[in-house]
Amino acid sequence: MSGPLAEVLDGQRQADLQKAARSLLKEPLLTADGPYADEFKLVRRHTAELREWFERNVGWTLRTDADAARLRKTPGTLTDATHPAREAARSALPFTRRRYVLLCLALAALERGESQVALGRLAEQVVLAAADPELVAAGITFTLERRDERLDLAAVVRLLLRLGVLRRVAGDEDAYVSGSGDVLYDVRRRVLAGMPASLRGPSMVEAEGFEERLVEMTAWTALDSDELRFRAVRWKLTRILLDDPVLYYDDLTDDELAYLTRQRGFITARIHELTGLVPEVRAEGIAMVDPMDDLTDARMPEQGTHGHITLLLAGHLARAAGPVEPVELAARVRELAVEHGGFWSKSAREPGAEPELVEQALARLVALGLAERTERGVVPRPALARYAVGEPVVREPGRARRPATTEQPVQPVQPVQPVQPVQDVRPVQDER
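Residues numbered from 1 in each chain as written. Predicted model: local features only at pLDDT ≥ 70, side-chain atom pairs only at ≥ 80, totals over all residues. Heavy atoms only, no water.

Sheet strands line up and pair through hydrogen bonds in the backbone, either parallel or antiparallel. The strand order across the open sheet built from three strands is β7-β9-β8, with neighbouring strands paired in antiparallel fashion. Single-partner strands in this sheet number two, and they are β7 (247–248) and β8 (278–281). Both β7 and strand β9 (residues 285–289) contribute to a ladder of two bridges, which runs antiparallel. Bridge pairing links Tyr248 to Gly285 in β9. Its contacts with the sheet place helix α12 (residues 254–275) against β7, β8 and β9, and it is angled at close to 5 degrees to β9. (Pairing = 2+ DSSP bridges. Helix = DSSP H or I, 4+ residues; strand = E, 2+ residues; numbered from the N terminus. Contact = heavy atoms within 4.5 Å. Axes fitted to C-alpha atoms, helices over the stretch in contact; angles between N-to-C directions.)

Following this line, the structure appears as structure tokens:
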């Protein structure tokens, strides 16, 4: 077939493929009856193309069946803890260490259990598993007698409900937390089987240290040839561009930077073709900007009190000559409250609220790759320069005065598109 109709059909096929790929990046575990059922159908339709692209370009495997589609992702940066799992919406509290441990224990119990389970029974199995001497020696204990422990288990279960591992049959988690009732779930074993994403089972890992264990769990193969080493570099760079807000050249090794310098156009073009993300290339690094602004779990700017404070502190940090202590940022928030407090929530104007407001703002800036915490204080990263607010420029007499600009971007190297705030293209993946 050729002609206009063929072009229309080919364009629709490419659009569907792109939508399917973006859905997997945003939610690496899709179910047939979940909130992304339509996207799941597209993934099933384009499984062969998607599987080939992910395996070739990032080393991720894609498994699909009638119930679920699971993209087993390995992040480019293994130690990034700025995008934690959350039980539900983006505003929900992030998972703590205890919740992560409970999640692992709950998954192990469900794997050994029946097709249905009550929350009370699951709690008993978790408590039994937590009595393992190695966990106790590591300082991890659970009795689930305290309300805060039951709240943590309920948060884990709600995450599994959202992922489609469990399906609620009767009851409510709040009743279990308060001790007034129980909950019954169906266990979807095929979805449960797709939860692990590591290339090697944790029980097969021999390393002792945390970072060393992560490396061993995600190592693909022995890099005993130039071809394999180049492939590993390409995978890492592509993973960072897909998952992280910004790829900074300073964070790369000499070999990685040399490879990116040679292959930058090819790598970014392949990503753009599959996802629609647009490369923004600058002197300090590369950001894959999302024109649709939905492939993210954190963004700037954002409305509301916390978003406003974050933007104001971003401008303050962008003008800083060096590291800034959190105490100084808290003092700056107090100053800003005098000028902007009328637009803030009442709690944000309360005396003593400044440290928490600063912490929330810094968490956002660090997650977006705009700032970095160091022993000397908070250090702005190059991409933050676009949030610097300049001083008004007075022109010659008789000419109009230029107002202060809202951005002072770093001069681009081979710019691809107009400057705009960096969008984080990382899906909520740590929970996977």
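Read on for the rest.
Along helix α2 (residues 37–45), the positions that sit buried rather than exposed are Ala37, Glu39, Phe40, Leu42 and Val43. At its buried positions, α2 is contacted by α1 (4–26), β1 (29–31), α3 (47–57), β2 (61–64) and β3 (68–72). (Buried < 20%, exposed > 50% of the residue type's maximum accessible area, 1.4 Å probe, protein only.)

Here we take up the pattern of salt bridges. Here the structure, examined in full by the defined rule, presents 33 salt bridges. Put simply, Asp290 and Arg22 hold a salt bridge, and the shortest N to O gap is 3.1 Å. Taken together, the residues Asp290 in the loop between β9 and α13 (305–318) and Arg22 in helix α1 connect sequence positions 268 residues apart. For the pair Asp290 and Arg22, a shared accessibility class is recorded, and that class is buried. Residue Asp294 is joined to Lys26 by a salt bridge in which the shortest nitrogen-to-oxygen separation is 3.6 Å. Here Asp294 is found in the loop between β9 and α13, whereas its partner Lys26 is found in helix α1, with 268 residues between them in sequence. Look at Lys26 and you get partly exposed, because its relative accessible area is 24%. Salt bridges sharing common partners tie together Glu87, Arg98, Arg99, Arg146, Asp148, Glu149, Asp152, Arg158, Arg168, Glu173 and Asp174. (Salt bridge = Lys/Arg side-chain N within 4 Å of Asp/Glu carboxyl O.)

Another point: the layout of surface pockets. Roughly 2300 Å³ of volume is contained in the largest pocket. The wall of the largest pocket is formed by 49 residues, among which Cys104, Pro202, Phe210, Leu214 and Met217 lie closest to the centre. For the lining of the largest pocket, the secondary structure elements donating two or more residues are β3, α4 (97–112), α6 (133–137), α9 (189–193) and α10 (210–218). The leading source of residues in the lining of the largest pocket is α4, at nine residues. Counted by class, the lining of the largest pocket contains 27 nonpolar, ten polar and twelve charged residues. (1 Å grid on protein atoms, 1.4 Å probe; cavity = no way out; pocket = protein on both sides within 12 Å on 5 of 7 lines; lining within 4 Å. Points joined across faces, edges and corners; volume = space filled by probe spheres on them. Nonpolar A, V, L, I, M, F, W, Y, C, P; charged D, E, K, R; others polar.)

In this section: empty space enclosed by the protein. Going through the model one piece at a time under the given rule, you end up with two cavities of 30 Å³ or more. Its boundaries defined by the atoms lining it, the second largest cavity holds a volume of some 30 Å³. For the lining of the second largest cavity, the class distribution of residues is four nonpolar, three polar and one charged.

A word on the sheet that holds strand β5 (residues 166–171). Read across the sheet, three strands follow the order β4-β6-β5 without closing on themselves; strand pairing throughout is antiparallel. Lying at the two open borders of the sheet, with one neighbouring strand each, are β4 (116–118) and β5. Each strand axis lies, on average, 25 degrees off the axis of its neighbour in the sheet, ignoring direction. Where β4 meets strand β6 (residues 183–187), three bridges bridge the pair, whose relative direction is antiparallel. Bridge pairing in β6 links Gln116 to Asp186. Where helix α7 (residues 147–163) meets the sheet, it contacts β5 and β6, and its direction lies at approximately 120 degrees from that of β5.

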